[in-house]
Amino acid sequence: MYIRSRSLKKEEKDSVSQDIPLSKKLEDNLNFFSALYKDSPDVVFCSFIAGKNEVAVIYIEGLSDTQKLEDQVLETLLNEKEFDETNMLLSIKHRLPIANIDKVSTYVACVEAIAGGNPLLLLNGSEEALALGLVKFEKRSIEEPQAETAIRGSREGFTESLGTNTSLVRRIIKDPALKMRSVTVGKYTKTKVAIAYIEGLADKTLLEEIENRLNRIDIDGVLESGYIEQFIEESTYSPFPQVLYTERPDVVCANLLEGRAVLMIEGTPFALIVPVSFFSLFQSQEDYYERFWIGSFIRTLRFLFLIIALFLPSVYVAITTFHQEMVPTDLLLSIASSRESVPFPALVEVIIMEIAFEALREAGIRLPKQVGSAVSIVGALVIGQAAVQAGIVSAPMIIVVSITGIASFMVPRYSVGLAIRLLRFPIILLAGVLGLVGVMLAFIMLIIHLSTLRSFGIPYLSPVNTLQKHPLRDTILRSPLWKMNKRPHLTGDFNETRQGTNLKPGP
């Protein structure tokens, strides 16, 4: 599947952005919409006489509530015999028992109303039309998120409906300081993006930069939040995510209270949170729901296993290939005896096993849930045992790869786990060529890369690189909530790093 992202010519931009006002003649308006929606049988045109004037209603079947349209609009207009002839459109608006009715006066606004599921009411002799708020379409009910299992806390997850998602956030944060700006992205999909923030906590410069980056997106369509993410992040070639995505309302609200901004996109249950830091990607909402010493222990465990997931295979390759003197004699003899029948060097051996493990993991994700987990577990056991018996790999290598795989599952964010899996291979290659020197070189290069990354102007390693005392209470270790003043606000913690820093434009 491919969606074009291109720059429009000036003439094409002018034709697309041309906003022509409606005609006073109903016949001209109907001819325009009939030609526009040619070969679209789901677009319904309904013409009738209301009072002494001709009226037409246009709507898309499946997006509008046809039952309410018949009961509240058609029946009301057909039974009403007298309207105010001086301003018939306003008179009709006052007679209709509908709470949300907007006036539209251009063809572009009418098309947007129809596409949004709002039936359009056109009146002969009027240059304005009414967009009736009778939107109704099939949508998924609120369920527990599949990608973010809640151990403790709310079991509600976002859906594909933007209105449902915003209501879930407002149900938690009831203060009117919660604001939401709307932006439309995509030439054909015209996807609505809501920018949520708390006024007084979110940085105004951050909000302006978000809007600027969204307005610069030139793409035919947006089908998922990942499209938006790739356009607004600063370092597009970095494997590390600079935007956090979640489908949990409590995670969104927690980040809003820290001064961040949240992008909720129509058609996807995943909301985008900006800006983020490296340490926030390793935090789980349950860390704050448990006592502080439990949360601190689990976080420490995550970072420990992060190091294991990144460097354990490469350290094993480096030691067994170049630095055998570092291994105790008994252990070295055990490893040597197990590798006696293996025809490959340790570098080739670990690459074979890592690729096989990644293939099994990906197959387990893509297969149906009923058989996915069984295939991945049975496949790992059978292939591992068969590979050892055939003398292709050694038993210690199976243990190393298994521990590495388990360690990678400790990362709470899937996007970070993907980055770790990707970086593991070049680190293994460096270890196979240069030994532990290659591992240290990879570690130094990784730290330099993370130090240069920014997320909407915020340093990626904040607050460790700035050594600010208060934010350090919520990084690897978590202080008690009463010492952190609930949770530290992003504006108070990061404004010092923002001073003198120009926000980089997106791609």
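This one's a predicted model, so the numbers in the text were calculated from it and none came from an experiment. Here the residue index of a chain counts from 1 through its sequence in written order. Confidence filtering applies because this is a predicted model: local features only for residues at pLDDT of at least 70, side-chain atom pairs given and counted only at 80 or more, and all residues used for totals across whole chains, interfaces and linings. Side-chain metrics rest on all non-hydrogen atoms present in the structure, leaving aside hydrogens and water.

So, unusual backbone geometry
- The step from Val274 to Pro275 runs through a cis peptide bond, and the omega angle for that step is -10 degrees.
- The numbering of helices and of strands both runs from the N terminus, where a helix is a DSSP run of H or I of at least 4 residues and a strand a run of E of at least 2. Topologically, Pro275 is positioned in the loop between strand S10 (271-274) and helix H10 (286-289).
- Each neighbour pair has its own omega, and for Ser462 with Pro463 the value is 0 degrees, a cis peptide bond.
- Here Pro463 is to be found in the loop between strand S12 (458-459) and helix H18 (481-484).
- The phi dihedral of Asp39 is positive, around 60 degrees, even though this residue is not glycine.
- By the element assignment, Asp39 lies in the loop between helix H2 (26-36) and strand S1 (43-50).

Structural notes on the sheet that holds strand S7 (residues 191-198)
- Being paired, for any two strands, means DSSP has found at least two bridges between them. The strand order across the open sheet built from five strands is S6-S7-S9-S10-S8, with neighbouring strands paired in antiparallel fashion. Only two strands of the sheet have a single partner each, and these edge strands are strand S6 (178-185) and strand S8 (244-246). With direction set aside, neighbouring strand axes in the sheet form an average angle of 25 degrees.
- Note on contacts: a residue pair is in contact if any heavy atoms of the two residues lie within 4.5 Å. To obtain an axis, a line is fitted to C-alpha atoms, over the contacting stretch when the element is a helix, and the angle between two such axes runs from 0 to 180 degrees between their N-to-C directions. The strands touched by helix H6 (residues 162-172) within the sheet are S6, S7 and strand S9 (261-265), with S6 carrying the most contacts at an inclination of about 160 degrees.

Comments concerning the packing of helix H11 (residues 292-322) against helix H15 (residues 395-408)
- Viewed as axis vectors pointing N to C, H11 and H15 meet at an angle of 160 degrees, and their least axial separation amounts to 7 Å. As judged from the angle between their axes, H11 and H15 are roughly antiparallel. When you trace H11 past H15, the crossing you get is left-handed. Contacts between H11 and H15 pair Phe305, Ile308, Ala309, Leu312, Pro313 and Tyr316 from the former with Pro396, Met397, Val400, Ile403, Thr404, Ala407 and Ser408 from the latter.
- Under the scheme applied here, ten amino acids are nonpolar (Ala, Val, Leu, Ile, Met, Phe, Trp, Tyr, Cys and Pro), four are charged (Asp, Glu, Lys and Arg), and all others, including Gly, are polar. Residues that form the contact of H11 with H15 fall into these classes: eleven nonpolar, two polar and no charged. When describing relative orientation, an angle under 35 degrees is termed roughly parallel and one over 145 degrees roughly antiparallel, while 65 to 115 degrees is termed roughly perpendicular and anything else oblique. By convention the crossing between two helices is left-handed if the near helix lies anticlockwise of the far one by an angle smaller than a right angle, and right-handed if it lies clockwise.

Digging into the sheet that holds strand S4 (residues 120-123)
- Here we have five strands laid out as an open sheet, ordered S1-S2-S4-S5-S3, and antiparallel in their pairing. Looking at which strands have only one partner, the edges of the open sheet turn out to be S1 and strand S3 (101-104). Taken pair by pair, the neighbouring strands of this sheet meet at an average axis angle of 25 degrees, ignoring direction.
- By the bridge criterion, eight bridges tie S1 to strand S2 (residues 53-60) in an arrangement that is antiparallel. Its bridge partner lying in S2, Phe48 is registered against Val55.

Points about the nonpolar core
- In plain words, nonpolar cores are sets of buried Ala, Val, Leu, Ile, Met, Phe, Trp, Tyr and Cys residues tied together by side-chain atoms within 4.5 Å. For every residue, the accessible area obtained with a 1.4 Å probe (protein chains only) is divided by the maximum for its type, and the residue is called buried under 20%, exposed over 50%, and partly exposed between those limits. Ranked by size, the top nonpolar core spans 47 residues in total, and within it Phe240, Leu256 and Phe278 carry the most contacts.
- Counting only elements with at least two residues in this core, the list comes to H6, S7, helix H9 (249-257), S9, S10, H11, helix H16 (414-434) and helix H17 (436-452).
- Not counting chain neighbours up to four residues away, the residues in contact with Leu256 comprise Val169, Ile173, Leu178, Ala196, Tyr197, Ile198, Leu201 and Val262.
- Counting 22 residues, the second-largest nonpolar core is a separate cluster that includes Val222, Val243, Ala261 and Leu263.

Regarding the packing of aromatic side chains
- Note on ring pairs: Phe, Tyr and Trp rings are taken, using the six-membered ring of Trp, and paired if centres are within 6.5 Å. Classes follow the plane angle, with under 30 degrees stacked, over 60 edge-to-face and the rest tilted. A complete count under the given rule lists eleven aromatic pairs for this structure.
- Judged by centre distance (5.6 Å) and plane angle (85 degrees), the ring pair of Tyr245 and Phe270 falls under edge-to-face. Note that Tyr245 is positioned in strand S8 and Phe270 in the loop between S9 and S10, a separation of 25 residues in sequence.
- The exposure class assigned to Tyr245 is partly exposed, which follows from its relative accessible area of 22%.
- Plain terms: the ring middles of Phe278 and Phe282 are 5.0 Å apart, the flat faces sit at 55 degrees to each other, and that makes the pair tilted.

Observations regarding helix H13 (residues 346-366)
- In a regular helix each residue adds 1.5 Å, so 21 residues correspond to 30 Å; H13 covers 30 Å between its end C-alpha atoms and thus fits that length.
- Listed as buried for H13 are Ala346, Leu347, Glu349, Val350, Met353, Glu354, Phe357, Glu358, Leu360, Arg361 and Gly364. Along H13, the residues classed as buried sweep out an arc of 165 degrees about the axis, all on the same side. Take the residue count of a helix, subtract one, and multiply by 1.5 Å to get its expected span. An arc is given here, and it is the one of the directions from the helix axis to the C-beta atoms.

Observations regarding a nonpolar patch on the surface
- Patch criteria: residues need more than 30% relative accessible area and no salt bridge. Like-charged residues are merged within 9 Å; nonpolar side chains of Val, Leu, Ile, Met, Phe, Trp and Tyr are merged within 5 Å. With residues, only the protein chains shown are counted as cover, and all accessible areas are computed by Shrake-Rupley using a 1.4 Å probe. Each reported salt bridge corresponds to a side-chain nitrogen of Lys or Arg within 4 Å of a carboxyl oxygen of Asp or Glu. Together, Val433, Leu434, Val437, Leu441 and Met445 give the surface a local cluster of nonpolar side chains, amounting to about 470 Å² of exposed area.
- With three residues, the top contributor of residues to the nonpolar patch is H17.
- Val433 sits in the exposed class, given a relative accessible area of 57%.

Here we look at the environment of Leu481
- With respect to the helices, strands and loops of the structure, Leu481 is situated in helix H18.
- For Leu481, a relative accessible area of 34% translates into the label partly exposed.
- Spatially, the C-alpha atom of Leu481 lies 7.6 Å from that of Phe292, the residues being 189 residues apart in sequence.

Observations regarding H2
- Within H2 the residues assigned to the buried category are Leu26, Asn29, Leu30 and Phe33. Summarising the axial view, the buried residues of H2 lie within an arc of 95 degrees, below the 170-degree limit, and thus occupy one face. Across H2 from its buried face, at more than 90 degrees, point the exposed residues Glu27 and Ala35.
- Of the surrounding secondary structure, the elements contacted by the buried residues of H2 are S1, S2, helix H5 (107-115) and S4.

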